[in-house]
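# Structure assessment
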Amino acid sequence: MAFPTHTKYLIIGAGIHGVSTAWHLAKELKARGKGDGRDILVIDKTGIAAGASGVACGVVRNNYYQPAMRELMAECVAVWESDPKAFSYHPVGYMQISPEVMHAGCAEIYEQQKAIGYTSSFIEGEADCMKYMKGIFSDWRAKGITNVLHEKKGGYSNQTRAMYGLAGKAEAEGVRILTGVKATGFKADGKGISAVETDRGTIQCDQVIVGAGPWVRHIWDMLDLPKTVDIKGRDGTMHRNIPMWTYWCLEEGTLGVDPDLQKTNEGKMPPVIHVDTDAPLHSDVDGSLITDKMWGIYYKPDFHFGGVQGGAMPYKVETPVDKVAVDPYGPDSPDFIVGDDFAHMWCSALAFCQERFSGQIAKWKKEPSGGLGCFTPDNFPVFDRFRDNVYIIADSNHGWKMIGVGKLVAKELMGETSRILEPFRFSRYAEGKLHPTSSSPFPWS
Ligand SMILES: Cc1cc2nc3c(=O)[nH]c(=O)nc-3n(C[C@H](O)[C@H](O)[C@H](O)COP(=O)(O)OP(=O)(O)OC[C@H]3O[C@@H](n4cnc5c(N)ncnc54)[C@H](O)[C@@H]3O)c2cc1C
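Calculation rules
Residues numbered from 1 in each chain as written. Predicted model: local features only at pLDDT ≥ 70, side-chain atom pairs only at ≥ 80, totals over all residues. Helix = DSSP H or I, 4+ residues; strand = E, 2+ residues; numbered from the N terminus. Domains from an automatic or database assignment. Contact = placed C-beta atoms within 7 Å. Nonpolar A, V, L, I, M, F, W, Y, C, P; charged D, E, K, R; others polar.

Another aspect to go through is the environment of Asp302. Structurally, the position occupied by Asp302 is in strand β20 (residues 295-302). Separated by 107 residues in the primary sequence, Asp302 and Ala195 have C-alpha atoms spaced 43 Å apart.

Next up on the list: unusual backbone geometry. Keep in mind that most residues, glycine aside, have a negative phi and that most peptide bonds are trans. Residue Pro328 is reached from Asp327 by a cis peptide bond, and omega for that bond is -10 degrees. Structurally, Pro328 can be placed in the loop between β22 (315-316) and α7 (340-353). For Asn241, which is not glycine, the phi dihedral falls at a positive 55 degrees. Counting through the fold element by element, Asn241 comes out in strand β14 (residues 238-243). Its identity as a non-glycine residue notwithstanding, Asp388 has a phi of 70 degrees, on the positive side. By the secondary structure assignment, Asp388 is in the loop between β24 (382-386) and β25 (390-394).

Here the focus is the domain arrangement of the chain. How big an interface is tends to be reported as the loss of accessible area on association of its parts. The domain boundaries assigned to the chain delineate domain 1 (1-90 + 154-237 + 379-445) and domain 2 (94-152 + 246-375). Between the C-alpha centres of domain 1 and domain 2 the distance comes to 27 Å. The interface of domain 1 with domain 2 comprises 33 residues on the first partner and 38 residues on the second. When residues of the side of domain 1 that touches domain 2 are traced back to their parent elements, those giving at least two are α2 (67-82), β8 (155-157) and α6 (216-222). Here the element with the most residues in the side of domain 1 that touches domain 2 is α2; it accounts for 4 residues. Taken together, the residues of the side of domain 1 that touches domain 2 break down into 14 nonpolar, 14 polar and 5 charged.

This is the structure in structure tokens:
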């Protein structure tokens, strides 16, 4: 097929957001008699799922302290549930297991989940939490836990399988996904963009959609958008020249045990477990203190990864943002993969939570894992229009679970305004319309 020189909708990035937007947009166009998937071209410099969507742990949860995030996640979970087979989605549920410092926040989340009809239960008090957890896993022993939020919906999905399922749906609607094509610049026409320059030629287009994941900073620069922002704080004070983008490195890995090891007392596949605690963490190898600060981990048995897979708190990359080498990405990166320290901490943390993991560190899979995420100034997504006809989906690394964002963006591209996406506009920084922050040790909770 010849290299295209024109398309109505040009999507940059074949990750979860680019492909979900393409699929939903194709359906919107058809339903409204305004065209179909043949009006949409997705380009990717590498391939489908070559970015964060190809390395994500795949956890799908609603547990967010921010009401706007929770409402958005409920929309997204509905999309996951619409075709679990195609999306390789496992609706096993999700548990946020927390210390006292997070109690009030989690209680609020529970109340608001009830209000939006998102099924969950909330267990309070150290003894009741221990009893509840032992009822699921007889070897449960995590300390410092005073509240458990058990989401009955959500779970996880297998990233590459889900991505190919999603791409199949978009292609079945007539969308063309062209891989090995890199966007290198934009041609402006007045305020708007008339064409995207690529390393294979120029493609004229009416509308650009950017779903570039950790590379969003590069596209942002190509569009001449501001490198810093002014943010109005909650007390009205303006904070000037805050960098627009920051990189964090996500640390994840797999303990190569039989995934069945993590089955529940009833022999079922368990919910995804997320534990935060302020109890000191000691080494499962030699008993030495690993940390006495607040820490957190998440994990699930996963046949796709071949073991019990999960991660811990990410760390901020201190290199100036323009100098961070995003490529080669993920497991191919020489800089942003996990090392022995992470393996030691995470396996010890697993053993802290459940006795069955004690003495298992030798089964840690020594394969490169982890990856970079590109975060916004407040660590929450930006979904907005720029330069008249460029729609940017910058999820601040919240986004595997956000398969439904493309559905809402597709409606906005048809001229509707999504109430659910409104709290994620770029203008919130200058206007001081910031999301509340939680006391979790993770930047995305
Ligand atoms: C290790 C790790 C674990 C994670 N775990 C979870 C999780 O459990 N749950 C969760 O909800 N989220 C998770 N996330 C976050 C989630 O993976 C991302 O937020 C999400 O996948 C981003 O999707 P995207 O479509 O925006 O970007 P990506 O999936 O990164 O896709 C962007 C695509 O754009 C392409 N591209 C970039 N620049 C160009 C260009 N100039 N021209 C053409 N193509 C270009 C890239 O090749 C890439 O394929 C995790 C992230 C990491 C790194």
